[in-house]
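Listed below are the residues making up each chain.
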Amino acid sequence: MMKSNEKTFSTGEFAKLLEVNKDTLLYYDKIELFKPAGTFDNGYRYYMFDQFDQFVAIHSLRAVDLPIKELKKYFSSPNIEDLQQLAIQQHEKVAKEIQKLQDIQQFLERTVVLTKEIEQVVLGEVLIKSLPAEPVVYSEEKIDWSKSMEEMYAQSTPFSKKLGVKSTAAYGVVYPKEEFLTSVYFKELESDAFSYMFCHTKDTSAVMKPAGEYAIIYHKGSYEEIIKTYEVLLNFLKHTQFELDGDIHEEYLLHSIATKEEKNYITKISVKVKSQENFDELP
């Protein structure tokens, strides 16, 4: 029985308090999932404030697709044990959905960053930019370029699964500085496997890619032609005061998700550099 001084809410008022559509309350009443506290003599429904938590619980569980039949069963005879088990099960389900959304969010965030960068791309020119430190993770296994694309994909899958990053926009290839300079890379593209995968992520296994001055050049076209862009980069470093001071990173900014033709693919090449001592004395 309602106390004479107890606050009552009309359907519209209670819907506003809950920040839901009035039709939601009417629908829940119709299917006998959540009913008003009572009706006035004039036939209008009313709700009580102590129904607030029950509605929030029902509405939250409906949002994760808990069947109406199960909700009715529980709320017909609520108890601590069943409530705890229900919460545990739905918490695990929600956690998985959150992870899916975080994966999508990371992909979208990275895509926004890359598309904005592409708008500023100057092709064929080496730029020197000061970049902040950023967390990256490197694969333990080298990439074997002699394998087919299918085999290489299978090789890289454990790396991506371990990190839980599904967006290819977050990945790239890194060539260790010393091995790069002494390799036969510029004679044959199918050189020894001395490169690794890397990923932009804040995983616990991440290391900080150092801040500093970076030489950056963008390659447009197929990967088979990228050797020409590398030649431009190294020729630039040879004739300026800069020299390599870190590993070489390749990132694929524009590929099949943004263009159908390989000739329009854009690859970013970046490497940390430092000024050479006594540059003016060099021949």
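A word on the sheet that holds strand E8 (residues 207-209)
Ordered in space as E4-E9-E11-E10-E6-E7-E5-E8, the eight strands form an open sheet in which the pairing is antiparallel. Each edge of the open sheet is held by one strand with a lone partner, namely strand E4 (127-131) and E8. Strand-to-strand twist of the sheet, defined as the mean angle between neighbouring strand axes without regard to direction, takes the value 40°. Set on the sheet, helix H5 (residues 80-119) makes contact with strand E7 (195-200), strand E9 (212-220), strand E10 (242-254) and strand E11 (266-275); between it and E10 the angle comes to about 110°. With respect to the sheet, helix H8 (residues 226-238) is in contact with E4, strand E6 (171-175), E9, E10 and E11, its orientation differing from that of E9 by roughly 150°.

Details of the packing of helix H1 (residues 11-18) against helix H2 (residues 22-30)
In contact at an axis separation of 8 Å, H1 and H2 are set at 110° when each is read in the N-to-C sense. By the angle class used here, H1 and H2 are roughly perpendicular. Crossing angle aside, the handedness with which H1 passes H2 is right-handed. Two secondary-structure elements touch here, H1 through Thr11, Gly12, Phe14, Ala15 and Leu18 and H2 through Lys22, Leu25 and Leu26. Per-class residue counts for the contact of H1 with H2 are five nonpolar, two polar and one charged.

Side note on the pattern of salt bridges
Going through the model one piece at a time under the given rule, you end up with seven salt bridges. Linking Asp245 and Lys272 is a salt bridge whose minimum nitrogen-to-oxygen distance equals 2.7 Å. You can see Asp245 sitting in strand E10 and its partner Lys272 sitting in strand E11, a full 27 residues away along the chain. Look at Lys272 and you get buried, because its relative accessible area is 16%. Connected through shared salt-bridge partners, Asp29, Lys35 and Arg45 make up one network.

Structural notes on the environment of Arg62
With respect to the helices and strands, Arg62 occurs in helix H3 (residues 52-63). What makes Arg62 partly exposed here is its relative accessible area of 28%. The residues touching Arg62, leaving out its near neighbours within four places in the chain, are Tyr28, Leu33, Pro67, Ile68 and Leu71.

Here we look at the packing of H1 against H3
Direction vectors running N to C along H1 and H3 enclose 65°, while the axes themselves pass 11 Å from each other. The two elements H1 and H3 meet at a crossing, and its hand is right-handed. Across from Phe14, Leu17 and Leu18 in H1, the residues of H3 making contact are Phe52, Phe55 and Val56. A class-by-class count of the residues in the contact of H1 with H3 yields six nonpolar, no polar and no charged.

Some points on H1
An α-helical segment advances 3.6 residues per turn. Residues three or four places apart therefore align on the same side. Those residues of H1 not exposed but buried are Thr11, Phe14, Ala15 and Leu18. Across the axial projection of H1, the buried residues extend over an arc of 100°, all falling on one side. In this structure, the buried side of H1 is in contact with strand E1 (8-9), H2, strand E3 (45-48) and H3. Phi for Glu19, located one or two positions after H1, is positive at around 60°.

Section: the side chain of Thr11
Positionally, Thr11 belongs in helix H1. Overall, Thr11 belongs to the buried group, its relative accessible area being 9%. Here Thr11 is in contact with Lys22, Leu25, Leu26, Arg45 and Tyr47, once residues within four sequence places are set aside.

Scoring rules and cut-offs
- Residues numbered from 1 in each chain as written.
- Predicted model: local features only at pLDDT ≥ 70, side-chain atom pairs only at ≥ 80, totals over all residues.
- Heavy atoms only, no water.
- Pairing = 2+ DSSP bridges.
- Helix = DSSP H or I, 4+ residues; strand = E, 2+ residues; numbered from the N terminus.
- Axes fitted to C-alpha atoms, helices over the stretch in contact; angles between N-to-C directions.
- Contact = heavy atoms within 4.5 Å.
- Parallel < 35°, antiparallel > 145°, perpendicular 65-115°, else oblique.
- Left-handed = near helix turned anticlockwise from the far one by under 90°.
- Nonpolar A, V, L, I, M, F, W, Y, C, P; charged D, E, K, R; others polar.
- Salt bridge = Lys/Arg side-chain N within 4 Å of Asp/Glu carboxyl O.
- Buried < 20%, exposed > 50% of the residue type's maximum accessible area, 1.4 Å probe, protein only.
- Arc of directions from axis to C-beta.

Scope: geometric values only; no functional claims are made or implied.
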